Amino acid sequence: QVQLVESGGGLVQAGGSLRLSCAASGRTFSSSGMGWFRQAPGKEREFVAGITWSGTKRYTESVKGRFTISRDNAKNTVYLQIDSLKPEDTAVYYCAASRPYYSGSMYYDREYDYWGQGTQVTVSS
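Residues numbered from 1 in each chain as written. Predicted model: local features only at pLDDT ≥ 70, side-chain atom pairs only at ≥ 80, totals over all residues. Heavy atoms only, no water.

A.B. asks: Quick question: what am I supposed to make of the state of the cysteines here?
C.D. replies: Simply put, disulfide is the name for a covalent bond between the sulfur atoms of two cysteines. Tallied over the entire structure, the rule returns 1 disulfide. The disulfide partner of Cys22 is Cys95, and the gap between their sulfur atoms is 2.0 Å. Where Cys22 bonds to Cys95 through sulfur, the torsion about that S-S bond is close to -80 degrees, and the disulfide is left-handed. Of this pair, Cys22 sits in strand β3 (residues 18-24) while Cys95 sits in strand β9 (residues 91-100); the two residues are 73 residues apart in sequence, bridging distant segments of the chain. When sorted by exposure, Cys22 lands in the same class as Cys95, which is buried. (Disulfide = S-S within 2.5 Å. Helix = DSSP H or I, 4+ residues; strand = E, 2+ residues; numbered from the N terminus. Buried < 20%, exposed > 50% of the residue type's maximum accessible area, 1.4 Å probe, protein only.)

A.B. asks: Sorry if this is basic, but what is going on with the sheet that holds strand β7 (residues 67-72) here?
C.D. replies: The strands making up a sheet are joined through hydrogen bonds of the backbone, oriented either antiparallel or parallel. Read across the sheet, 4 strands follow the order β1-β3-β8-β7 without closing on themselves; strand pairing throughout is antiparallel. Sheet topology places β1 (4-7) and β7 at the edges, where each strand pairs with a single neighbour. Put simply, the sheet's adjacent strands are angled 15 degrees from each other on average, direction ignored. In this sheet, strand β8 (residues 77-82) lies alongside β3 in antiparallel orientation, the contact comprising 6 bridges. Looking at the pairing, Leu18 lines up with Ile82 of β8. (Pairing = 2+ DSSP bridges. Axes fitted to C-alpha atoms, helices over the stretch in contact; angles between N-to-C directions.)

A.B. asks: Quick question: what am I supposed to make of the pairing of β3 here?
C.D. replies: Here is the key point about a regular strand: its side chains alternate between the two faces of the sheet. Most of β3 sits inside the fold, with 5 of its 7 residues counted as buried. Bridge count for β1 against β3 is 4 bridges, and the pairing is antiparallel. Paired with Val5 across the bridge in β3 is Ala23.

A.B. asks: Explain the side chain of Thr60 here, please?
C.D. replies: Its place among the elements puts Thr60 in the loop between β6 (57-59) and β7. Ignoring any residue separated from it by four or fewer positions in sequence, one finds Thr60 in contact with Phe47 and Val48. (Contact = heavy atoms within 4.5 Å.)

A.B. asks: Can you help me understand the pattern of salt bridges in this one?
C.D. replies: One pass over the structure, following the stated rule, counts 5 salt bridges. A salt bridge links Asp89 to Arg66; the shortest N-O distance between them is 2.7 Å. Taken together, the residues span a long stretch of sequence, with Asp89 in the loop between β8 and β9 and Arg66 in the loop between β6 and β7 at a distance of 23 residues. Grouping residues by exposure puts Asp89 and Arg66 together as buried. Residue Arg99 is joined to Asp113 by a salt bridge in which the shortest nitrogen-to-oxygen separation is 3.9 Å. Residue Arg99 is located in strand β9, and its partner Asp113 is located in strand β10 (residues 112-115); the two are separated by 14 residues in the primary sequence. With relative accessibility at 39%, the residue Asp113 sits in the partly exposed group. (Salt bridge = Lys/Arg side-chain N within 4 Å of Asp/Glu carboxyl O.)

A.B. asks: Would you take a moment to explain the environment of Ala97 for this structure?
C.D. replies: With respect to the secondary-structure elements, Ala97 resides in strand β9. Exposure remark for Ala97: the relative accessible area of 4% places this residue in the buried category. In this structure the C-alpha to C-alpha distance between Ala97 and Gln120, which are 23 residues apart in sequence, comes to 19 Å. Beyond its immediate sequence surroundings of up to four residues, Ala97 is in contact with Leu4, Gly33, Met34, Tyr112, Asp113 and Tyr114.

This is the structure:
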């Protein structure tokens with residue numbers, strides 16, 4: 001069983017920055033792919049960024065150049081650095097973990113086995 005807890009969300013003006021954190025329980029963190037998804041009211045949950053156990057990163061097109069995913073295996077934590085925030089980034093951001101050594105695309109929610117409860121990011125214009 002893996003538990004994920006997101007933090008770092010909040011209210012920020014457009015153009016500002018946030019760093020989201022996802023703290024994971026369990027000893028398998030370093031071997032799991034990690035992803036960030038987001039869901040705005042009335043919209044589908046969408047992939048934002050992912051990082052495999054080996055460090056390969058992937059981003060959805062709308063956040064490339066603004067968002068950076070990273071992980072600190074010693075702290076069992078994955079981060080999402082968000083720069084140049086836009087109002088359309090407003091959403092609940094969810095952290096997710098894959099099975100150990102998963103080597104798929106990381107893009108689809110079905111590729112993940114564990115999910116956090118989310119942290120709210122609100123961007124004002």
